[in-house]
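Results of the structural survey
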Amino acid sequence: MKVSMERAALLKAVSQAQSVVERRNTIPILANVLIEAEGDTGQFRATDLDIEVVDKAPAQVERAGATTVSAVTLHEIVRKLPDGALVTLTDDSATGRLTVEAGRSNFSLATLPKEDFPVMASSEYASNFSIKAAALRRLFDKSKFAISTEETRYYLNGVYMHVSEAADGRVLRCVATDGHRLARIDTDLPAGAEDMPGVIVPRKTVGELRKLLDDDDMDIAVSVSETKVRFATPDITLTSKVIDGTFPDYTRVIPQANTKRLEVDASEFAKAVDRVSTVSSERSRAVKLQLDEDRLILSVNAPDSGAAEEELAVAYGDERLEIGFNAKYLLEIASQVDRENAVFMFNSAGDPTLMREGSDESAVYVVMPMRV
Amino acid sequence: MPALCRDCLTPFDTEPRCPSCRSRRVVRHDELWDLSIAHMDCDAFYASVEKRDNPALGDKPVIIGGGRRGVVSTACYVARIKGVRSAMPMFQALKLCPDAVIIKPRMQLYAEISRAIRDMMEALTPAVEPLSLDEAFLDLSGTAKLHGHPPAVMLSGLVKRMRDELGITGSIGLSHNKFLAKVASDLDKPFGFAVIGKGETQAFLREKPVRMIWGVGAATQSALDRAGIRTFDDLLRWELRDLTARFGSMGTRLYHLARGEDARRVSSRNPVKSISNETTFHEDTADPDILDGHLWRMAEKVADRAKAKDLAGRVVVLKLKTAKFSLITRRHALRDPTQIADRIYREARALFDQLDQREAYRLLGVGLSDLCSADEADRAPDLLDPDAARRSEAERATDRIRARFGPDAILKGRALR
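None of the values given here were measured: they were computed from a predicted structure.

**Side note on the overall build of chain A**
Each helix and strand in chain A was counted, giving six helices and 26 strands. Here chain A holds 372 residues, and the buried ones make up 53% of them. For chain A, restricting intrachain contacts to residue pairs at least 6 apart in sequence, the fraction spanning at least 24 positions comes to 67%. With the model as given, the accessible surface of chain A reaches about 16,700 Å², and the carbon-plus-sulfur share is 46%. For chain A, the distance from the average site of its 44 positive side-chain charges to the average site of its 60 negative ones is 4 Å.

**Things to note about helix H4 (residues 107–122) of chain B**
Residues and elements named next belong to chain B. For H4, built from 16 residues, the straight-helix expectation of 22 Å at 1.5 Å per residue is met to within 8% by its first-to-last C-alpha distance of 22 Å. Among the residues of H4, those classed as buried are Leu-109, Tyr-110, Ile-113, Ser-114, Ile-117, Met-120 and Met-121. Viewed end-on, H4 has its buried residues packed into an arc of 135 degrees, placing them on one side of the element. Along H4, exposed side chains directed more than 90 degrees from the buried face belong to Gln-108 and Glu-112. If you follow the buried residues of H4, they end up packed against strand S4 (37–42), helix H1 (45–53), strand S5 (62–65), strand S8 (128–132), strand S9 (135–139) and helix H6 (151–166).

**Remarks on the sheet that holds strand S13 (residues 311–322) of chain B**
Residue and element names in this part refer to chain B. Strand order in the open sheet formed by four strands is S12-S15-S13-S14, with antiparallel pairing between adjacent strands. Edge positions in the open sheet fall to strand S12 (274–285) and strand S14 (327–338), since each of these has one partner strand only. On average, each strand axis in the sheet is tilted by 15 degrees relative to the strand beside it, whichever way the strands run. With respect to the sheet, helix H13 (residues 288–308) is in contact with S12, S13 and strand S15 (361–373), its orientation differing from that of S12 by roughly 155 degrees.

**Comments concerning the interface of chain B and chain A**
Often the size quoted for an interface is simply the accessible area lost on bringing the parts together. Taken together, the contact between chain B and chain A spans 20 residues of the former and 26 residues of the latter. Carbon and sulfur atoms make up 51% of the surface buried where chain B meets chain A, a total of about 2,000 Å² over both sides. Where chain B meets chain A, there are two salt bridges. Here Arg-153 of chain A ties to Asp-382 of chain B by a salt bridge, and the two come within 2.8 Å at their closest N and O atoms. Put simply, chain B and chain A have nine residue pairs in polar contact (both at pLDDT 80 or more) between them. Mapped onto the side of chain B that touches chain A, the elements with two or more residues apiece are S14 and helix H14 (341–353) of chain B. Per-element accounting of the side of chain B that touches chain A gives the leading share, three residues, to H14 of chain B. Of the residues that constitute the side of chain B that touches chain A, the class distribution is nine nonpolar, two polar and nine charged.

**A short note on the pattern of salt bridges**
Across all of its chains, the model carries 66 salt bridges over all chains by this definition. Two residues, Asp-219 of chain A and Lys-132 of chain A, come together in a salt bridge whose shortest N-O distance is 3.1 Å. Here Asp-219 of chain A is found in strand S15 (residues 219–224), whereas its partner Lys-132 of chain A is found in strand S10 (residues 127–132), with 87 residues between them in sequence. For Asp-219 of chain A, a relative accessible area of 41% translates into the label partly exposed. Between Asp-399 of chain B and Lys-307 of chain B there is a salt bridge, and its shortest N-O distance comes to 2.7 Å. With Asp-399 of chain B in helix H15 (residues 388–405) and Lys-307 of chain B in helix H13, this residue pair connects regions lying 92 residues apart in the sequence. Among the residues examined, Lys-307 of chain B registers a relative accessible area of 17% and is labelled buried. Shared partners join several salt bridges into a network, and the residues in it are Glu-300, Asp-304, Lys-307, Glu-395, Asp-399 and Arg-402 of chain B.

**Thoughts on helix H9 (residues 218–226) of chain B**
Residues and elements named next belong to chain B. Taken together, the buried positions of H9 are occupied by Gln-221, Ala-223 and Leu-224. Along the axis of H9, the buried residues cluster in a sector spanning 165 degrees; they form a single face. Exposed residues on H9 whose side chains face more than 90 degrees from its buried face are Ala-218, Ala-219 and Arg-226. The secondary structure elements touched by the buried residues of H9 are helix H11 (240–247) and helix H12 (249–258). Gly-228 occupies a position one or two residues after H9 and carries a positive phi of about 75 degrees.

**Section: the nonpolar core**
With 98 residues, the main nonpolar core has Phe-140, Met-161, Phe-231 and Phe-269 of chain A as its most contacted residues. Counting 53 residues, the second largest nonpolar core, distinct from the first, contains Ile-63, Val-72, Met-88 and Leu-94 of chain B.

**Notes on the environment of Arg-211 of chain B**
Residues and elements named next belong to chain B. The topology assignment puts Arg-211 in the loop between helix H8 (201–205) and H9. Here the alpha-carbon distance between Arg-211 and Gln-221, two residues ten residues apart in the chain, equals 6.4 Å. Each residue touching Arg-211, except ones within four places of it in the same chain, is listed here: Val-216 and Gln-221.

**Quick notes on the UniProt feature "domain: DNA polymerase III beta sliding clamp central" (unreviewed entry) in chain A**
Here, the residues flagged by UniProt with the feature "domain: DNA polymerase III beta sliding clamp central" (unreviewed entry) are residues 131–249 of chain A. Regarding residues 131–249 of chain A, the helix share stands at 14% and the strand share at 41%, and the terminal C-alpha atoms are separated by 26 Å.

**Here's the deal with the sheet that holds strand S2 (residues 11–12) of chain B**
Sheet strands pair by backbone hydrogen bonding; their relative direction is either parallel or antiparallel. All names here are of chain B. Taken in spatial order, the three strands make up an open sheet running S2-S1-S3, and their pairing is antiparallel. Looking at strand neighbours, the two that pair on one side only are S2 and strand S3 (26–28), the edges of this open sheet. When strand S1 (residues 3–5) meets S3, the two strands line up antiparallel, connected through three bridges. Note that in S3 the partner of Cys-5 across the bridge is Val-26.

**Looking at the pairing of strand S16 (residues 228–232) of chain A**
Residue and element names in this part refer to chain A. Within S16, four of the five residues are buried, which leaves the element mostly enclosed by the surrounding structure. Once S15 ends, the chain turns through three residues before running back antiparallel as S16. The pairing of S16 with strand S17 (residues 236–241) spans five bridges and is antiparallel. Note on S17: the bridge partner recorded for Val-229 is Ser-240. Counted between consecutive antiparallel strands, the loop separating S16 from S17 contains three residues.

**Side note on the UniProt feature "domain: DNA polymerase III beta sliding clamp N-terminal" (unreviewed entry) in chain A**
Under the local residue numbering, the UniProt record ascribes the feature "domain: DNA polymerase III beta sliding clamp N-terminal" (unreviewed entry) to residues 1–120 of chain A. For residues 1–120 of chain A, the end-to-end C-alpha separation is 23 Å, with 20% helix and 48% strand making up the annotated structure.

**What about the pairing of strand S8 (residues 97–102) of chain A?**
Residue and element names in this part refer to chain A. Side chains Leu-98, Val-100 and Ala-102 project from S8 onto a buried face, and the interleaved Arg-97, Thr-99 and Glu-101 project onto a face without burial. Relative to S8, strand S7 (residues 86–92) runs antiparallel, the two being bridged by five bridges. Each residue of the ladder has a partner; that of Leu-89, found in S8, is Val-100. Linking two consecutive strands that pair antiparallel, namely S7 and S8, is a turn of four residues; a positive phi of about 70 degrees is found at Gly-96 within it. Note: S8 against strand S9 (residues 105–112), six bridges, orientation antiparallel.

**Examining the domain arrangement of chain A**
All names here are of chain A. For chain A, the assigned domains read domain 1 (2–116), domain 2 (127–252) and domain 3 (255–367). A straight line from the C-alpha centre of domain 1 to that of domain 2 covers 30 Å. If you look at the interface, domain 1 gives 14 residues, while domain 2 gives twelve residues. Looking at the side of domain 1 facing domain 2, the largest losses of area belong to Gln-16, Asp-50 and Ile-51, adding up to 40% of the total buried there.

**Quick look at a nonpolar patch on the surface**
All names here are of chain B. Judged by side-chain polarity, Ile-401, Phe-405 and Ile-410 come together as a nonpolar surface patch covering roughly 260 Å² of accessible area. Take Phe-405: it is sitting in helix H15. Residue classification places Phe-405 among the exposed residues on the basis of a relative accessible area of 57%.

Cut-offs applied
Residues numbered from 1 in each chain as written. Chains lettered and ligands numbered in written order. Predicted model: local features only at pLDDT ≥ 70, side-chain atom pairs only at ≥ 80, totals over all residues. Heavy atoms only, no water. Helix = DSSP H or I, 4+ residues; strand = E, 2+ residues; numbered from the N terminus. Buried < 20%, exposed > 50% of the residue type's maximum accessible area, 1.4 Å probe, protein only. Contact = heavy atoms within 4.5 Å. Areas by Shrake-Rupley, 256 points an atom, 1.4 Å probe, with all protein chains shown as cover. Lys, Arg positive; Asp, Glu negative; His and termini not counted. Charge placed at Lys NZ, Arg CZ, Asp CG, Glu CD. Expected span 1.5 Å × (residues − 1). Arc of directions from axis to C-beta. Pairing = 2+ DSSP bridges. Axes fitted to C-alpha atoms, helices over the stretch in contact; angles between N-to-C directions. Buried area = accessible area lost by both parts, 1.4 Å probe. Salt bridge = Lys/Arg side-chain N within 4 Å of Asp/Glu carboxyl O. Polar contact = N/O pair within 3.5 Å; in protein donor to acceptor, adjacent residues only side chain to side chain. Nonpolar A, V, L, I, M, F, W, Y, C, P; charged D, E, K, R; others polar. Core = buried A, V, L, I, M, F, W, Y, C linked by side-chain atoms within 4.5 Å. UniProt positions renumbered as here; feature names shortened; annotations may be inferred. Domains from an automatic or database assignment. Patch = residues over 30% accessible without salt bridge, like charges linked within 9 Å, V, L, I, M, F, W, Y side chains within 5 Å.

In structure tokens, the structure reads:
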């Protein structure tokens, strides 16, 4: 194999590959990226056995072929090369080395045979549809903060992507929860997605997917089966196993009958929560919200370290209410609001609270209060 | 050389016997009047209590422990002659000493006696640090003026009083720090009084094996073996930096201990670090129903103890020992700390369900660690388990009933499995 590529194109492809491979590997081949050169493209494939990413980039192929080298080392080399350099990769099967040449730099890397590289079995996808990158990005960006890291409830370690019934028709919906807060984000159902099976997309896949979604108008081809999900742009294909488990019935967790309504400027609210929680040294910092006619008092009382209080002008017209929350959870849901005011719907100090942006029902958050 | 009669507590100087009562029970040491850190260790405590209450047991080998399948918690000195040691599996102890009388521990009684001993110790100094029911560190620094006698006299008086008033004997180790005091109390058992002075510390430690350090177990021992460290002399050849690099904080500690240095204070307020309970079964079992019953009972015991101390834990620990004696521990950190048996049980159960293989076990334990105040616990209910709040309310109500009508007044069906 002998192939030449522009440094920027090579860096992009290799950096995607190296972020998929696991840092600590017991199986050497899994640390490698499979490089295949044919026609006028170089193809880079990396996997951790759960996720597989394939990147294509334009290349001048002098001699077609394939080999594997350490993804991390190749990435480091390419990153350190000067911008605009032309990089030539030459595979010498006699010595088992891959030569990387750019200008006066010359590297020789150990390779492993391409036959050893595990290629993810292709599967039948029950559903194929296309969706704009911007819409897909919103689904995952707004829900991923609520993904659980708890290993005992592994089925919460991802975003549940499925088709659901909303007030005005069927939607493509993403839900994530860790048992303390929950995010439910909807978008219009793309054509072809109607029969999509619900899948739990793992946390790592959500992170890798994000790198495909920077260009708002890009069409992302999505394929879903019971066991796998695939996201593809013209250059990059990301295939991932999904979490084998049942996502809990989240619908009964979302309060329907909360009546006490608070409307507040989300960023002012977040800043105030952040300020008052400074005095608490507890690991889970609890903030108390005292609501009265158009007035919200945020307070923290930490016997060992101090106390803080701040008042905000808000829209609130119901009876007095005192309710406590974990400051971190309040901050995280408040930071999801970017256009309008945050609207909180309370019931009592012991019941889940609902938050949404203005009257927008397509992004709903639930947070559990804590005793203060 | 300063000397002290252990029978009539008379201090004297050169005579071989006590000049006042002619006793030969004498402790003699150059630094006897200067040392003030002590370790008191009762002699075969549980067994002594049983022998005291049942004189017929006097010369018989007595083993305190649970059932045929349990382990020895205490063996009396007669049984020890046959080779029985504490923590030995009961079947092995019975092989060594088939005529032993086995007695189930009466913890409540031992705790009462322990409390009485503790009161006696606290009359000498507020700096009493109990390690368990039957041993404690005491720091008597600066009490000589108050009592009118040096620490050695008061300590000698303490064990004499324990023997006369409670019928329990203990041994005293007196030195200049905790580590050496603990080592010393073991030198002259039973009813002993051993002293390790500053001047002789280095010479005393030299050839001693490092495994005599409290906290050096089998694992540390084998790591030390690999580094060629067996005795304190071996340790002296190492630089502080190298020991720390190789063994972490344990290395730093070893470096100082090898030089007879131990800066830890005797503190009556050593916080509890974890709460755990475990049980060894009568026979190995792989039956999930039986194991589930044990899980619940252990979780409930742990919760009871946490509630009694107003503590809660951030980490739930499950411990299992397989029929082949391999130990499995699994832990899970909670977002919201707990002291509720129902939550401890469910977390432990989830850990149990995640174990790869189902096999027969001989021991099961449940614990709470990373403790915090109960005020910080059980504050954030689980969104996905809306019934949890009601279950913990029910548990609190059950606790009130048990507090009023006794621990067996109300039980979960699960507890009977």
